[in-house]
Amino acid sequence: MQMRLLGKTGIQVSNLCLGAMSFGSMGNADQDDCLRIIGRALDAGINFIDTADVYSRGESEQIVGRALKGRRDDIVLATKFYNPMGRVPNQRGASRRWIVKACEDSLRRLDTDYIDLYQVHRLDENTDLDETLGALSDLVRQGKVRAIGTSTFPAEAIVEAQWTAERRGHVKVRCEQPPYSIFVRGAERDIFPACLRYGMGAIVWSPLNGGWLTGKYSGGVPAVEGSRFDRLDRGTWRLDAPGSDRKADLVPRLSDLAAGAGLDLIGMALAFTLEHPAVTSAIIGPRTMEQLESQLPAADVRLDAAVLDRIDALVPPGDTITRGDISFEPQSLRHIQARRRG
């Protein structure tokens, strides 16, 4: 397992990060099995775990907290806030009011005194970034948070956050968590250059594009029972979502390319994300021990230029096959009233 610096924080993290989204009722409901998976990942050299309050409504954080008993100081622990945690209007977002409450709740569920990396799960367009960064800076100064980050922020918001921090004396955002895979390369256009410009780490999510780059999905074949497509069957997690035909066509070609390089598709797909100079770590999100074991070897794989060139020929740099995979759409596109005069 390779160690890399998380931006300019001085914190060293493994190049594979264990994502905990599938731990709990929205994925693997067997908590003891989840504990075994986490234990195996840590024993394999992973020292970086990423979760969020919204994953299984806090259950994921509770499982991670249990797993880290006696090992907490050896692990870099990241969690996130923003998504709704109840039906009350103010139990969501990036206001100071909610950030303070959400952090206390996460600390309790994780059974820890501090969070190494506390991230805004999505851009809150209804809250001033100065308000958000001010609250997060206070948490850092109180010792409850070590560093702050963002997730799935557009490039302009990343830049605005850096400028706001500098001008207002806030703690700087040290990390961005964008979607990135062979099928979702939009981060190469603007997110990664912004991260490099400001000395930010990048921990990329969905490097297997929700399972497409495992090779288990193909055109005309039903979703594998228990898979994310089978369990969720909505949005981009549908085999008939926009871009699925192109993905289904590319999967066997990418599998052949991987085989020619002596790899399987999973190993090549994960290794691809780790080759970008801006990427600190790739988040793997295993639901089962078998999935974890299939992904761990990628930490030590390097792809040569010929393989990378062939991937570029199949999916050009900066190309995103399905726009919905970006998982962020500004209000100006989501709401008709934002585009028309009243």
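This text goes with the structure placed above it.
Reading the values: the criteria
- Residues numbered from 1 in each chain as written.
- Predicted model: local features only at pLDDT ≥ 70, side-chain atom pairs only at ≥ 80, totals over all residues.
- Heavy atoms only, no water.
- Helix = DSSP H or I, 4+ residues; strand = E, 2+ residues; numbered from the N terminus.
- Rg over C-alpha atoms; globule rule 2.2 N^0.38 Å.
- Buried < 20%, exposed > 50% of the residue type's maximum accessible area, 1.4 Å probe, protein only.
- Contact = heavy atoms within 4.5 Å.
- Lys, Arg positive; Asp, Glu negative; His and termini not counted.
- Charge placed at Lys NZ, Arg CZ, Asp CG, Glu CD.
- Pairing = 2+ DSSP bridges.
- Axes fitted to C-alpha atoms, helices over the stretch in contact; angles between N-to-C directions.
- Left-handed = near helix turned anticlockwise from the far one by under 90°.
- Nonpolar A, V, L, I, M, F, W, Y, C, P; charged D, E, K, R; others polar.
- Phe/Tyr/Trp six-rings, centres within 6.5 Å; stacked < 30°, edge-to-face > 60°.
- Lys NZ or Arg CZ within 6 Å of the ring centre and 35° of its normal.
- Expected span 1.5 Å × (residues − 1).
- Polar contact = N/O pair within 3.5 Å; in protein donor to acceptor, adjacent residues only side chain to side chain.
- Core = buried A, V, L, I, M, F, W, Y, C linked by side-chain atoms within 4.5 Å.

1. Overview of the overall build of the protein
Okay, step 1: Summing up its helical and strand segments, the protein has 12 helices and 10 strands in all.
Okay, step 2: Radius of gyration (C-alpha) of the protein: 19 Å, near the 20 Å computed for a compact globule of 342 residues.
Okay, step 3: Overall, the protein is about 55 × 50 × 40 Å in size when its C-alpha atoms are taken along their principal axes.
Okay, step 4: For the protein, the proportion of its 342 residues judged to be buried stands at 55%.
Okay, step 5: Sequence separation of 24 or more characterises 77% of the internal contacts of the protein that already satisfy a separation of 6 or more.
Okay, step 6: Computed over 44 positive and 45 negative side-chain charges, the inter-centroid distance for the protein is 5 Å.

2. Quick notes on the sheet that holds strand S4 (residues 48-50)
Okay, step 1: If you trace the 8 strands once around the closed barrel, you get S3-S4-S5-S6-S7-S8-S9-S10, paired in parallel fashion. Sheet twist, expressed as the mean angle between neighbouring strand axes with direction ignored, is 30°.
Okay, step 2: As defined by bridge partners, strand S5 (residues 76-81) adjoins strand S6 (residues 115-120) across 4 bridges and the pair is classed as parallel. Across the sheet, the residue bridging to Ala 78 is Leu 117, located in S6.
Okay, step 3: Sitting on the sheet, helix H3 (residues 96-110) is in contact with S5, S6 and strand S7 (145-151), with an inclination near 135° to S6.
Okay, step 4: Running at roughly 145° to strand S10 (residues 281-284), helix H9 (residues 265-274) makes contact with strand S3 (16-19), strand S9 (201-204) and S10 of the sheet.

3. Section: the packing of helix H4 (residues 129-141) against helix H5 (residues 155-168)
Okay, step 1: In contact at an axis separation of 10 Å, H4 and H5 are set at 65° when each is read in the N-to-C sense. Where H4 crosses over H5, the two elements pack in a sense that is right-handed. From H4, Leu 129, Asp 130 and Leu 133 reach across to H5, where they touch Ala 157, Glu 160, Ala 161, Thr 164, Ala 165 and Arg 168.
Okay, step 2: Here the contact of H4 with H5 is built from residues that sort into 5 nonpolar, 1 polar and 3 charged.

4. Some words on the packing of aromatic side chains
Okay, step 1: Scanning all chains against the criterion turns up 3 aromatic pairs.
Okay, step 2: With a centroid separation of 4.8 Å and an interplanar angle of 80°, the aromatic rings of Tyr 180 and Phe 192 are classed as edge-to-face. Taken together, the residues Tyr 180 in the loop between strand S8 (173-177) and helix H6 (191-197) and Phe 192 in helix H6 connect sequence positions 12 residues apart. Each member of the pair, Tyr 180 together with Phe 192, is buried.
Okay, step 3: Through a chain of ring-to-ring contacts, the aromatic side chains of Tyr 180, Phe 192 and Phe 272 assemble into a single cluster.
Okay, step 4: The ring of Tyr 114 has Arg 72 lying over it, and the distance from NZ or CZ to the ring centre is 4.1 Å.
Okay, step 5: Positioned above the aromatic ring of Tyr 114, the side-chain terminus of Arg 146 is 4.1 Å from the ring centre.

5. Overview of helix H1 (residues 31-43)
Because each turn of an α-helix spans 3.6 residues, side chains separated by three or four positions in sequence point in the same direction.
Okay, step 1: With 13 residues, H1 extends 18 Å from end C-alpha to end C-alpha; this agrees with the ideal 18 Å at 1.5 Å per step.
Okay, step 2: Contacts from the buried residues of H1 go to S3, S4, helix H2 (59-67) and helix H10 (289-295).
Okay, step 3: Looking at where H1 begins, the residue whose side-chain oxygen comes 3.2 Å from the main-chain nitrogen of Asp 32 is Asp 30.
Okay, step 4: One or two residues past the end of H1 sits Gly 45, with phi positive at roughly 110°.

6. Looking at the nonpolar core
Okay, step 1: Core analysis: the biggest nonpolar cluster contains 96 residues, and Tyr 118, Ile 182, Phe 183, Leu 254 and Met 268 have the highest contact counts within it.
Okay, step 2: Residue contributions to this core peak at 8 residues, all from H9.
Okay, step 3: With residues near it in sequence (within four places) discarded, Met 268 still touches Ile 182, Leu 254, Leu 257, Ala 258, Leu 263, Leu 303, Val 307 and Ile 311.
Okay, step 4: Counting residues in hydrophobic clusters, the runner-up holds 12 residues, among them Cys 17, Phe 48, Ala 78 and Ile 283.

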